[in-house]
Structure formats: structure tokens, C-alpha cells
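# Per-entry structural report
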Amino acid sequence: MTTTTHISKEELEELKAAFERVDLNSNGYICDYELHELFKEANLPLPGYKVREIIQNIMTEGDVNKDGKISFDEFISIFMEQRKSDVAKSFRKAINRKEGICAIGGTSELSSEGTQHSYSVEEKYSFVPTINVDVQDPHCCSPIPPSFPSVFRGGCVGEVILLCKMINLSVPDTIDERAINKKKRTPFTIQENLNLALNSASAIGCHVVNIGAEDLREGKPHLVLGLLWQIIKIGLLADIELSKNEALAALLSEGETLEDLMKLSPEELLLRWANYHLKNAGWHKINNFSGDIKDSKAYFHLLNQIAPKGTKEGEPCIDINMSGFNEKDDLKRAEFMLQQADGLGCRQFVTPADVVSGNPKLNLAFVANLFNKYPALTKPENQDIDWTLLEGETREERTFRNWMNSLGVNPHVNHLYNDLQDALVILQLYEKIKVPVDWNKVNKPPYPKLGANMKKLENCNYAVDLGKHSAKFSLVGIGGQDLNDGNPTLTLAVVWQLMRKHTLNVLVHLGDGQKVNDEIIIKWVNETLAENGKKTSLQSFKDKTISTSLVVVDLIDCIQPGSINYDLVKTGTLTEEDKLENAKYAVSIARKIGARVYALPEDLVEVKAKLVMTVFACLMGRGMNRV
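Since this is a predicted model, take the numbers as computed values, not measurements.

Definitions and limits used
- Residues numbered from 1 in each chain as written.
- Predicted model: local features only at pLDDT ≥ 70, side-chain atom pairs only at ≥ 80, totals over all residues.
- Heavy atoms only, no water.
- Axes fitted to C-alpha atoms, helices over the stretch in contact; angles between N-to-C directions.
- Helix = DSSP H or I, 4+ residues; strand = E, 2+ residues; numbered from the N terminus.
- Parallel < 35°, antiparallel > 145°, perpendicular 65-115°, else oblique.
- Contact = heavy atoms within 4.5 Å.
- Nonpolar A, V, L, I, M, F, W, Y, C, P; charged D, E, K, R; others polar.
- Polar contact = N/O pair within 3.5 Å; in protein donor to acceptor, adjacent residues only side chain to side chain.
- Core = buried A, V, L, I, M, F, W, Y, C linked by side-chain atoms within 4.5 Å.
- Buried < 20%, exposed > 50% of the residue type's maximum accessible area, 1.4 Å probe, protein only.
- Phe/Tyr/Trp six-rings, centres within 6.5 Å; stacked < 30°, edge-to-face > 60°.
- Salt bridge = Lys/Arg side-chain N within 4 Å of Asp/Glu carboxyl O.
- 1 Å grid on protein atoms, 1.4 Å probe; cavity = no way out; pocket = protein on both sides within 12 Å on 5 of 7 lines; lining within 4 Å.
- Points joined across faces, edges and corners; volume = space filled by probe spheres on them.
- Expected span 1.5 Å × (residues − 1).
- Patch = residues over 30% accessible without salt bridge, like charges linked within 9 Å, V, L, I, M, F, W, Y side chains within 5 Å.
- Areas by Shrake-Rupley, 256 points an atom, 1.4 Å probe, with all protein chains shown as cover.
- Lys, Arg positive; Asp, Glu negative; His and termini not counted.
- Charge placed at Lys NZ, Arg CZ, Asp CG, Glu CD.
- pLDDT = per-residue confidence, 0-100.

### Considerations on the packing of helix 8 (residues 187-203) against helix 24 (residues 576-592)
Running from N to C, helix 8 and helix 24 cross one another at 115°; their axes reach a closest spacing of 7 Å. On the basis of the axis angle, helix 8 is roughly perpendicular to helix 24. Of the residues in helix 24, those in contact with Glu192, Asn195, Leu196, Asn199, Ser200 and Ala203 of helix 8 are Ser588, Arg591 and Lys592. Tallied by class, residues from the contact of helix 8 with helix 24 come to 2 nonpolar, 4 polar and 3 charged.

### Overview of the side chain of Glu397
With respect to the element layout, Glu397 can be found in helix 17 (residues 395-406). A polar side-chain atom of Glu397 sits 2.5 Å from a polar atom in the side chain of Tyr417. Residues contacting Glu397, with those up to four places away along its chain left out, are Gly392, Leu416, Tyr417 and Leu492.

### Section: the nonpolar core
In this structure, Leu227, Trp273, Met404, Tyr430, Ile521, Phe616 and Leu619 are the most contacted members of the largest nonpolar core, which totals 161 residues. The residues contacting Met404, other than those within four sequence positions of it, are Val409, Val413, Leu416, Leu420, Val425, Leu429 and Val495. By size, the runner-up hydrophobic cluster in this structure holds 10 residues, among which are Ile70, Phe72, Phe75 and Ile76.

### Focus on the packing of helix 23 (residues 550-559) against helix 26 (residues 609-623)
It is at 10 Å that the axes of helix 23 and helix 26 come closest, and there the two elements cross at 10°. Between helix 23 and helix 26, the interaxial angle falls into the category roughly parallel. Across from Val551, Val552, Leu555, Ile556 and Ile559 in helix 23, the residues of helix 26 making contact are Val615, Phe616, Leu619, Arg622 and Gly623. For the contact of helix 23 with helix 26, the residue count by class is 8 nonpolar, 1 polar and 1 charged.

### Brief notes about unusual backbone geometry
The amide bond that connects Asn410 to the next residue, Pro411, takes the cis arrangement and shows omega of 10°. Structurally, the position occupied by Pro411 is in the loop between helix 17 and helix 18 (424-432). For the peptide bond that leads from Pro445 to Pro446, omega is 5°, which places it in the cis range. Examined against the element boundaries, Pro446 turns out to sit in the loop between helix 18 and helix 19 (452-469). Even without glycine at this site, Ala376 takes up a positive phi of about 50°. With respect to the element layout, Ala376 can be found in the loop between helix 16 (360-373) and helix 17.

### Comments concerning the environment of Val437
Examined against the element boundaries, Val437 turns out to sit in the loop between helix 18 and helix 19. A relative accessible area of 12% places Val437 in the buried class. Sequence separation between Val437 and Ser470 is 33 residues, and the spatial gap between their C-alpha atoms is 9.6 Å.

### As for the packing of aromatic side chains
Where two aromatic rings form a pair, the distance of their centres and the angle of their planes describe that pair. Taken as a whole and assessed by the stated rule, the structure comprises 7 aromatic pairs. Ring geometry for Trp283 versus Phe325: centroids 5.7 Å apart, planes at 85°, classification edge-to-face. Of this pair, Trp283 sits in the loop between helix 12 (266-280) and helix 13 (297-306) while Phe325 is found in the loop between helix 13 and helix 14 (330-343), placing the two residues 42 residues apart along the sequence. Residue Phe325 is classed as buried on the basis of its relative accessible area of 15%. Relative to Phe473, the ring of Tyr430 has its centre 6.1 Å away and its plane inclined at 25°; by these criteria the two rings are stacked.

### Structural notes on the pattern of salt bridges
Inspection of every chain in the model, using the stated rule, returns 18 salt bridges. Across the pair Glu177 and Lys165 runs a salt bridge, and its minimum N-O distance is 3.1 Å. In this pair, Glu177 sits in the loop between helix 7 (157-170) and helix 8 while Lys165 sits in helix 7, placing the two residues 12 residues apart along the sequence. When its relative accessible area of 30% is taken as the criterion, Glu177 is described as partly exposed. Between Arg333 and Asp330 there is a salt bridge; the shortest N-O distance is 2.7 Å. Here Arg333 and its partner Asp330 are both found in helix 14, 3 residues apart, which amounts to about one turn of the helix. Look at Asp330 and you get partly exposed, because its relative accessible area is 33%.

### Re the environment of Lys233
The topology assignment puts Lys233 in helix 10 (residues 221-237). For Lys233, a relative accessible area of 27% corresponds to the partly exposed category. Along the backbone, Lys233 and Leu364 are 131 residues apart, and their C-alpha atoms lie at a distance of 8.9 Å. Not counting chain neighbours up to four residues away, the residues in contact with Lys233 comprise Glu267 and Leu364.

### Remarks on empty space enclosed by the protein
Within the structure shown, the criterion is met by 2 cavities of 30 Å³ or more. The calculated volume of the second largest cavity comes to roughly 30 Å³. Taken together, Ala274, Leu278, Ile286, Phe289, Ile293, Ala298, Tyr299 and Leu302 make up the full set of residues lining the second largest cavity. Mapped onto the lining of the second largest cavity, the elements with two or more residues apiece are helix 12 and helix 13. With 3 residues, helix 13 is the single largest residue contributor to the lining of the second largest cavity. Residue composition of the lining of the second largest cavity, by class: 8 nonpolar, no polar and no charged.

### Digging into helix 21 (residues 488-504)
Along its 17 residues, helix 21 runs 24 Å from first to last C-alpha, staying within 8% of the 24 Å computed at 1.5 Å per residue. The elements touched by buried residues of helix 21 are helix 17, helix 18, helix 20 (480-485), helix 22 (518-531) and helix 26. For helix 21, the capping residue at the N-terminal end is Asn487, with a side-chain oxygen 3.2 Å from the backbone nitrogen of Thr489.

### Thoughts on a negative patch on the surface
On the surface, a cluster of negative charge is contributed by Glu259, Asp260, Asp384 and Asp386. Topologically, Asp384 is positioned in the loop between helix 16 and helix 17.

### Let's talk about the confidence of the model for the protein
Segments scoring low in pLDDT should not have their predicted coordinates read at a detailed level. When pLDDT is averaged across the protein, the result is 84; 78% of the residues are at 70 or more. Low pLDDT, under 50, characterises residues 1-5; the predicted model gives this stretch 7 contacts beyond four residues in sequence or across chains. Confidence over residues 86-118 falls short of pLDDT 50; this stretch has 52 contacts with residues more than four positions distant or in other chains.

Right, dumping it as C-alpha cells:
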């Protein structure tokens, strides 16, 4: 046959023998994992991500039999094509540098000429199938091609919509889909979609400070993939929190209180969860989702512990086959483990190579997905636990937390009050609002075992001192001890003034040097509305008419005429549901025209004065062409 005319009989026999050795299932076909091994056996080793690219191309274009499998004849065709292109040689340099890592020149705003940004190609090929499964939309590129994210170049409409869809999957209702431009493909409409995606990502806590619409338009891999990872991670870790899953209290250690457990980050809780099940399995503790899971043995035990046993009414029974546990080859053992995970519907995010290499991001995602589908925990009963502590996060607290994280503070803020108790995040926020911080005066972790709280208190005292004297905040009755204690009311008072100052910094050019205040913003809003013939107006940020969002919608239309589709805006006597629909549309359109709005639609409906002010301030900044 034509596929074998350039292969000698001896070589063909060798390839046939290699094929049979690698065909673990002995079914005459090769899967992606087996193909990876087969290339090694055929003396044509390829990186795992390259094999997956080949697989995706074959399944969409070169699957001769259209059966979704690779026969021996089909493999020979692939082998000849790869050998002809001398791909092994071209990849040798990459392998010598560091397999699976691509290095590219610095492209972010703050990167200096000649710097290098790296991204894992393994992560790129892991995200694609996950997105293809989760996002189903006729306007998106589906399935995403192997060249992703290079398809962003030129501002591919489908891929920008995909980003918006991923954001809504992670945090439902963040983006009102009525605001997405899905039909017309022009530089202007693409720019609007990019603005909407970036500003919405920022609103859910993604760090996008050094990512611009142009970066996405050019398909810069490290920025696109970095943003996608943040979005995916936020969604995966969203429910790994005690207030959303009280059964997590089962992870309490001896002598530990619920308050202690609440201080743990989602990643720490996830590790605690895995070790809880490993202990029950009689297996040793792991300390991370990288080096400690490379042999897949901990994963085998974890899967066996969380698989449904059929003990509850209507619950299926899924048996985990542990025979692969004793496989000597790490890659093959990982494949056998993932076959068992597939039986639970949880094979996403990792390949055998990702497990064996200990890729921390992808393994974290793999375990988080296991937790979300099969937590296998029972809420403790008859224990002395103060459940009233689990009140959950308020909308205002979540907005403040997302705002901080979007600015790239370190460490990441998971719990607003606990994570601010050493003031390190607050001090970083001072720098964001142009208040100088003398870091020589700041105590940094790791703190000593003895006197750790005193070191944190010193930081808090310094933070309050900066607020009073340098930032000119109103902090009457607030001391460092209040921050150190995690006092909700007083901590929020400091955080709010930081956010207010950050928001108003875009307007410092107004008023002939006067301090920008509420009156100046309200005056500008009303003058802008009147000049454009709008009938709405604003009396104050507590004005009850704000609940309809009509004044916000009209102001947006003044700033960017034609951006509002008034057929979608509800008027007249409005129900609470009507008001919420208007607010969702208004917030999304505000982000779409370039205003970085953190407030939520509910804040407009309920007329939360503080956050309402930030909406109008951001729109004023956009209207003055300063943001």
C-alpha cells in the first residue's frame, strides 16, 4: 500500500513489533498516550504536547477510517510524515533548553527590552480540551484548533467570546451576554469585546494590570494562557470554602477550631482534603501536588476513597481498578490511574506526562475537579462547633477582595480580614494609590514563632499611621490593633478609603487642583446628560432612581453614542427583576466601553452609595478619556 512504499520490510516489521508492544489494550488501535510511547519505541521521540497536536490534527483531518482511533496503517502515515519533516531534529533544541517550555521576548507594558517570559506548552494543550467541553456556542471557534492561542491574532471574534463564556462559567452572570458583539467583525466591535473580557476578568479578581486589549489581539501566548489559567482557577476553587461547603469541617485536626480552618486558603484546604482521604486509605501524607504525586500512587488511593460506593439510595457504585498501581513504569502507571479517573468523569487537565513531571498548575486543577465532583465528606454532627461563624462573604467584601487581587497583591487575598492581619496587602495598596511606603520599616514573613503577632501588629500600626498622615484618610478611632484583630467594620473602613482613592486617582486633573469629590462627579454627570438631551439626572449617590439603572444607561450612551441598544432596556413601572436586568446590562456595557467597574448589578439595584460612586467615577474617567 502507498503508506509503506518508502519503508523497508525489516523496518516495517520493527514498527509492527513496536506497535504491538505499546498497544496496552491489545485492541489493534493506539490512543494518544500509546502514540507518545510508540514514537519513543520507533526512535522518533516527540514532546507530549507535540503528540497531542498530531492527535488533534488527525482526528479532525487525517483519520482515514473516521473511527476516532489510530490503526497501524494510519500510524505508518503519521510516522512517515514526521520523519520526512525531520521534526525530531527541530525539537531537540527545545528539549535541550527545557522540554515543554517556550521562551519569548518580553511583551508586557512593564517588561524591559530583552526580558524573557515563559509558558508551559503542556498547559496550553491541557486547557484546550477543557474549554472545548465547557464552552458550547455557535459564535465560538469550536473545537479550538491546536494553534490556540495564536488564533487571537487579529482579534478572532469567536475566541474573544470564548473568554467571556469562560468568565461566566467561573463566576456566573458576570457578563450580560446581550453586551457581547457576536455578529459584526470590525476593529471597533472587536476592541469592545476585548474591553468587556478584560474588565470583567478584573472584576472577578484576575490580575490584568499588565494585560491590554492589544496583547490579546496579538495572541501573546504567556498573557492569554496566564489569563485563562486565572479564570479557570477561580472557577475550580470557588466552592472550596467552608461557608459554601460545611462538610469541609470534617477536615478539622485535633485541637483545631473552625476559625483555624477558615484561615486556610482553598489550595491548603484541597491538600488537607486529599490527605484526609489518604489517611483513611492507610497511605502516607503528601505535601504538594507536584513532586509528591509523580508516581500516581497517592492518586490511586484518593480515587479509591472518593469513588461512589452505592451505599446511599440512588447512588451508583463505581469500582476503582487498583491493578495498575503495581505497574513499574511511571508513565504507564499514570495512564492506568487516569483511566480510573475517566470512569469518574474526571480525567480533565492532566496527561500521564503532566502527572509524572509534577506540573503544579495542572495537578492542582485535576485534584480540584475531583473535589468538586466527589468530595466524599460528611458534615460533623454532635461536635462542639460554632456554626454561626460560617456567615459567608458579603457582596461588598467580595468586591473589595476582587479589587485587591486584580491589582496583583501578594499574597493573594482569599479571606478579607484574615489575610490583612499583617497589613502587607494594605501597604501594597498604598503604593497603588501613590502613597510611598518605607519597606525598611515593614516586617516580612516568615515571622518568628515567638513574637509573630507583635511583628504583624507593628505593620498594622505603620499602615494606620500612613493612612492618617500621608494618605489623609479619615481614620478616627481606628488603630493598628483593629486591623490585627480582623475587626470587620474598621478594616472595611480602611479598605474602602483605599479603593475610593484608587478610583478617584483617574480624576485628579479636574477642578483646577481642587480635590475631586462627590459633588464634582455628580455635577459632571448631570451636565453630560443635559448636554446630550437625556431626561435622567442624579441628585446624589443615594438617589433611589439609580435602582432602575436608567441614569447609568443614559450616561454610557452619552459617553459612547450608539453603545446602548435601548430595545433591551426596560422602562416604565419596573419589577425588581426588571431592575436587575437593566443593571446587568448597564454594568456589562460600562465595562465594554472601557470603564473598569468593580461594582455588581445588585449594588445599583439596592443603591449601595459607596459602590455606586465608583461606577459614576469610572464612567467619568472614561468620559474624560483618562481610563
